Amino acid sequence: MKTSDKADALLKLVKIETLLTALRLRVMATADDVAEDTGARDVAAWLAHHTQSSPKTCRAELHLAAALDTRWTRLAAVVTAGEVNLAQARVITRALDELPDDLDADLLVQAEKHLVEAAAHHRPDQLKILGRKILDVIAPEVGDAEEAKQLQREEERAWETTSLTFTRRGDGTTRLTGLLPDAAAARLVTYLDAFTSPRQQSTDVVVPQHRARAQAFCTLLEHLDPTKLPMHGGDATTVIVTISHDALARDRAAASVVGTDDKITAAQARRLACTAGIIPAVLGGKSEILDFGRTRRLFSKPQHKALRLRDQRCRGAGCTIPAQWCEAHHWRPWSKGGKTNFADGILLCSHHHHRAHDNRYSAERMPNGDIRFHRRT
């Protein structure tokens, strides 16, 4: 086939598919007797059973077929003629169905006509936006009030359908699957982007946005103030990690998170002990508690301010992350007797703070106070 013939064939085939689907919907709209004859719940259930199709898809098509057959006849005519595809028809019917029940009949006709005409020049996603604003076009005087009602309905529906599930994958990661109200999702993205934007300067490696946001989410959780969270188990929400003194000092074995089956490395426990709301319970040889946290384990707010004035930025060699985005790190590890004081503190961004506690790297203090990391061989 010539290029022009292929182009012509593709357009004609799409129209033929639309015409065939429109014909099937017309038949479905009047096929209640088929379901009754076989005892099926409705023709959508019957069709799904006999064609091994998705029941959800067949049900949606039956809903669209009924709407076109009994209510939106102008739209049905252009769909039957192949001038509006099914995706556009679904969006238009949904927009029309969501209009107020007490809206004047003439305004409903105007709304249907306007959206049908717009379908000639707009994709389904664009029609969805036009559909939400249709009252502003046909009845500006009621558009604002109805938009407020529609937004309230959407917010209520969003809150009722909100969900968040956690699925352990068995490889050290957990899959989060969530459905959040738009406002909450936008706020979360704002928080995460606040963490990720400056971090992009901390390494020459370009991190994909989805990974940067996931890492920022982990950092955000570490920076939550437990004292401002609801009481849990009789105390402010706190994570207690148990680890033997020998393991903490020598990077041996793993630390256990109290109340769960989770384990983390000794290096991770040491890093969390620097900044996060984590209480390390250091155990002796017979599991007796040698140290339950430490009064001055975390740097105080005045110390943080002093470190910011002194360091100005992350002290990882070549890093330009500003001080306000950095975390206070004990140059001499807290787990090895390091003191929480100004002289022993140094600011590191999240990237370099992780590296400082990664036993795959060694750290060298340079004359200018920066820290240079070297991959161990």
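About the cut-offs
In every chain, residue numbers begin from 1 and rise along the written sequence. Local features in this predicted model are restricted to residues whose pLDDT is 70 or higher, and side-chain atom pairs enter the listing and the counts only when it is 80 or higher, whereas totals over whole chains, interfaces and linings include all residues. The side-chain values count all of the structure's non-hydrogen atoms but skip hydrogen atoms and water molecules. Secondary structure counts use DSSP, requiring at least four H or I residues in a row for a helix and at least two E residues in a row for a strand, with both numbered from the N terminus. Whether a residue is buried, partly exposed or exposed follows from its accessible area with a 1.4 Å probe, protein chains only, as a fraction of its type maximum: under 20%, in between, or over 50%, in that order. Only heavy atoms matter for contacts: two residues are in contact if any of them lie within 4.5 Å across the pair. For the area figures, the Shrake-Rupley method with a 1.4 Å probe applies, and any residue is considered shielded solely by the protein chains shown. Strands qualify as paired when DSSP identifies two bridges or more between them. Salt bridges are counted wherever a side-chain nitrogen of Lys or Arg sits within 4 Å of a carboxyl oxygen of Asp or Glu. Simply put, an axis is a line fit to the C-alpha atoms, just over the touching stretch for a helix, and the angle between two N-to-C directions goes from 0 to 180 degrees. Oblique is the label for every angle not falling under 35 degrees (roughly parallel), over 145 degrees (roughly antiparallel), or within 65 to 115 degrees (roughly perpendicular). Note: crossing handedness is left-handed where the near helix turns anticlockwise from the far helix by less than a right angle, and right-handed where it turns clockwise. Under the convention adopted here, Pro, Cys and the residues Ala, Val, Leu, Ile, Met, Phe, Trp and Tyr are nonpolar, Asp, Glu, Lys and Arg are charged, and Gly plus all remaining residues are polar. Think of it as the arc spanned by the lines of direction from the helix axis to the C-beta atoms. Definition used in this section: a nonpolar core is a set of buried Ala, Val, Leu, Ile, Met, Phe, Trp, Tyr and Cys residues joined via side-chain atoms within 4.5 Å. Surface patches are drawn from residues lacking salt bridges whose relative accessible area is over 30%; two like charges belong together within 9 Å, two nonpolar side chains (Val, Leu, Ile, Met, Phe, Trp, Tyr) within 5 Å. Positive residues here are Lys and Arg, negative ones are Asp and Glu, while His and the chain termini are left out of the count. To locate a charge, take atom NZ for lysine, CZ for arginine, CG for aspartate or CD for glutamate. Paired rings are identified among Phe, Tyr and Trp, the last through its six-membered ring, by centres lying within 6.5 Å, and are further divided according to the angle between planes into stacked (under 30 degrees), edge-to-face (over 60) and tilted (the rest). Note on criteria: charge over ring means Lys NZ or Arg CZ within 6 Å of the ring centre, with the direction from the centre no more than 35 degrees off the ring normal.

1. A short note on the overall build of the protein chain
Thought 1: When helices and strands are counted, the protein chain shows 16 helices and 13 strands.
Thought 2: Per-residue burial for the protein chain yields a buried fraction of 34% across its 377 residues.
Thought 3: The contacts in the protein chain between residues at least 6 apart in sequence include a share of 51% that link residues at least 24 apart.
Thought 4: Element-wise, carbon and sulfur atoms account for 55% of the exposed surface of the protein chain, whose accessible area totals about 23,700 Å².

2. Focus on the pairing of strand 1 (residues 163–168)
Thought 1: Note: strand 1 against strand 2 (residues 174–179), six bridges, orientation antiparallel. Paired with arginine 168 across the bridge in strand 2 is threonine 174.
Thought 2: Linking strand 1 to strand 2, which pair antiparallel, is a turn of five residues; within it glycine 170 sits at a positive phi near 80°.

3. A word on the pattern of salt bridges
Thought 1: Under the criterion given, the structure shown has ten salt bridges.
Thought 2: A salt bridge links aspartate 8 to lysine 12; the shortest N-O distance between them is 3.2 Å. One end of the pair is aspartate 8 and the other is lysine 12, both in helix 1 (residues 3–29) and four residues apart, which spans about a single turn.
Thought 3: Judged by its relative accessible area of 49%, lysine 12 falls in the partly exposed class.
Thought 4: Of the charged contacts, one joins arginine 313 and aspartate 370 as a salt bridge, the two residues approaching to 2.9 Å between their closest N and O atoms. Of this pair, arginine 313 sits in the loop between helix 15 (301–311) and strand 10 (327–330) while aspartate 370 sits in the loop between strand 12 (361–365) and strand 13 (371–375); the two residues are 57 residues apart in sequence, bridging distant segments of the chain.
Thought 5: According to the relative accessible area criterion, arginine 313 is partly exposed, its value standing at 25%.
Thought 6: The network of salt bridges with common partners includes Arg310, Asp311, Arg313, Arg315 and Asp370.

4. Some thoughts on the packing of helix 4 (residues 55–70) against helix 6 (residues 86–97)
Thought 1: Between helix 4 and helix 6, the least distance of the axes is 11 Å, while the angle of their chain directions is 70°. Our classification of the angle between helix 4 and helix 6 gives roughly perpendicular. Of the two possible hands of crossing, helix 4 and helix 6 adopt the one that is left-handed. Between helix 4, through Glu61, His63, Leu64 and Leu68, and helix 6, the contact on the second element is made entirely by Leu86, Ala89, Arg90, Thr93 and Asp97.
Thought 2: When the residues that make up the contact of helix 4 with helix 6 are grouped by side-chain class, the tally is four nonpolar, two polar and three charged.

5. Details of the environment of leucine 180
Thought 1: Looking at the element boundaries, leucine 180 is found in the loop between strand 2 and helix 11 (182–199).
Thought 2: Aside from chain neighbours lying at most four places away, what touches leucine 180 is Thr162, Ala185 and Leu188.

6. Quick look at the pairing of strand 12
Thought 1: With five bridges connecting them, strand 12 and strand 13 associate as antiparallel partners. If you follow serine 362 over to strand 13, its bridge partner there is histidine 374.
Thought 2: The antiparallel hairpin formed by strand 12 and strand 13 contains five residues in its connecting segment, where glycine 369 sits at a positive phi of about 95°.

7. Examining the side chain of glutamate 327
Thought 1: Mapped onto the elements of the fold, glutamate 327 is located in strand 10.
Thought 2: Accessibility expressed as a relative area gives 2% for glutamate 327, which makes it buried.

8. Structural notes on helix 15
Thought 1: Within helix 15, the full set of buried residues consists of Gln303, Leu307 and Asp311. Mapping the buried residues of helix 15 onto a view down its axis gives an arc of 55°, with all of them on the same face. Along helix 15, the residues that are exposed and aim more than 90 degrees away from the buried face are Lys301, Pro302, Lys305 and Leu309.
Thought 2: Of the surrounding secondary structure, the elements contacted by the buried residues of helix 15 are strand 10 and strand 11 (345–348).

9. A closer look at unusual backbone geometry
Thought 1: The backbone of glutamine 52 sits at a positive phi, close to 55°, despite the residue not being glycine.
Thought 2: For glutamine 312, which is not a glycine, the phi torsion comes out positive at approximately 70°.
Thought 3: Note on placement: glutamine 312 falls in the loop between helix 15 and strand 10.

10. Comments concerning the nonpolar core
Thought 1: Membership of the largest hydrophobic core comes to 40 residues, with the highest contact counts inside it found for Leu75 and Leu99.
Thought 2: Elements represented by at least two residues in this core include exactly helix 1, helix 3 (43–51), helix 4, helix 5 (73–80), helix 6, helix 7 (105–118) and helix 9 (134–138).
Thought 3: When near neighbours in sequence (up to four residues on either side) are disregarded, leucine 99 contacts Leu108, Ala111, Ile134 and Leu135.
Thought 4: By size, the runner-up hydrophobic cluster in this structure holds 14 residues, among which are Ile321, Ala328, Leu348 and Ile371.

11. Points about a negative patch on the surface
Thought 1: A contiguous patch of negative charge on the surface is contributed by Asp32, Asp33, Glu36 and Asp37.
Thought 2: As for its position among the elements, aspartate 33 is in helix 2 (residues 32–38).

12. Here we look at the environment of valine 109
Thought 1: By the element assignment, valine 109 lies in helix 7.
Thought 2: A residue is classified by how much of its surface remains accessible, and valine 109, at 41% relative accessible area, is partly exposed.
Thought 3: Taking the C-alpha atoms as reference points, valine 109 and arginine 74, separated by 35 residues in sequence, lie 8.7 Å from one another.

13. Considerations on the packing of aromatic side chains
Thought 1: Evaluation of the coordinates by the stated rule reveals zero aromatic pairs.
Thought 2: Directly above the ring of tyrosine 361 sits arginine 355, whose terminal nitrogen or CZ lies 4.3 Å from the centroid.

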